[in-house]
Amino acid sequence: DCDGLRDEDDRAFGDLVVSEVKSGASGWIELCNVTAGAIPVDGFVITWSTGEYTLPGYTLDATSCLALCERLTSECALKGSFAFGAGDESLVVTVDTLVLDSVTVEPSWTWGTWDVASLDGAQIDASLNDSRSAWCDTHGSPGATNPACP
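Conventions adopted
- Residues numbered from 1 in each chain as written.
- Predicted model: local features only at pLDDT ≥ 70, side-chain atom pairs only at ≥ 80, totals over all residues.
- Heavy atoms only, no water.
- Core = buried A, V, L, I, M, F, W, Y, C linked by side-chain atoms within 4.5 Å.
- Buried < 20%, exposed > 50% of the residue type's maximum accessible area, 1.4 Å probe, protein only.
- Helix = DSSP H or I, 4+ residues; strand = E, 2+ residues; numbered from the N terminus.
- Contact = heavy atoms within 4.5 Å.
- Lys, Arg positive; Asp, Glu negative; His and termini not counted.
- Salt bridge = Lys/Arg side-chain N within 4 Å of Asp/Glu carboxyl O.
- Polar contact = N/O pair within 3.5 Å; in protein donor to acceptor, adjacent residues only side chain to side chain.

> How should the nonpolar core be read in this particular structure?
Formed by 27 residues in total, the largest nonpolar core has its most connected members in Leu 16, Val 18, Leu 31, Phe 44, Ile 46, Leu 55 and Leu 68. If you list the elements that add at least two residues to this core, you get β1 (16–22), β2 (28–33), β4 (45–48), β7 (65–69), β9 (89–95), β10 (98–105) and β11 (116–119). Ranked by the residues each element gives to this core, the list is headed by β1, at 4 residues. Dropping the residues within four chain positions of it, Ile 46 is found in contact with Ile 29, Leu 31, Gly 51, Glu 52, Tyr 53, Leu 55, Leu 68, Val 92 and Val 93. Within the second largest apolar cluster, 5 residues are counted, among which are Trp 28, Ala 67, Cys 69 and Cys 76.

> Sorry, what's going on with the side chain of Glu 30 here?
Along the polypeptide, Glu 30 turns up in strand β2. Summary of buried charges: Glu 30 has no salt-bridge partner, and the nearest side chain of opposite charge, Lys 22, is 14 Å away. At 2.7 Å, the side chain of Glu 30 forms a polar contact with the side chain of Ser 19. The residues touching Glu 30, leaving out its near neighbours within four places in the chain, are Val 17, Val 18, Ser 19, Glu 20, Cys 65, Leu 66, Ala 67, Ser 141, Pro 142, Gly 143, Ala 144 and Asn 146.

Encoded structure:
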């Protein structure tokens, strides 16, 4: 159709990428739309080892990022319960039965003082985010495009 949105049957692995994760009580997940079209994410599901969150009605613009946070702030578009444990989470983003991205944050991946893992801005890709070398130890930038790792 001609509404400028990605059609429901035109989704593929890697359309959305897990690009930032913060553990703890004030945690967040950041998802980036790497396609050239807006994606309505209503009904998409994020699962992790101790929980699940179904995204409400929201449209993620082309080549933009969305932060899902414990608390609403100017940086966070959606609120949800994301009480991750530090360094032991498998995150999977699905729509219907299609896996759009999955990443496992291994216990050996340490993040320093911030407990935030930010995917290198030059590597926002669902296949590349499975490697520790693609992630930076930063204070994070929920909802904003990630810079390259220092």
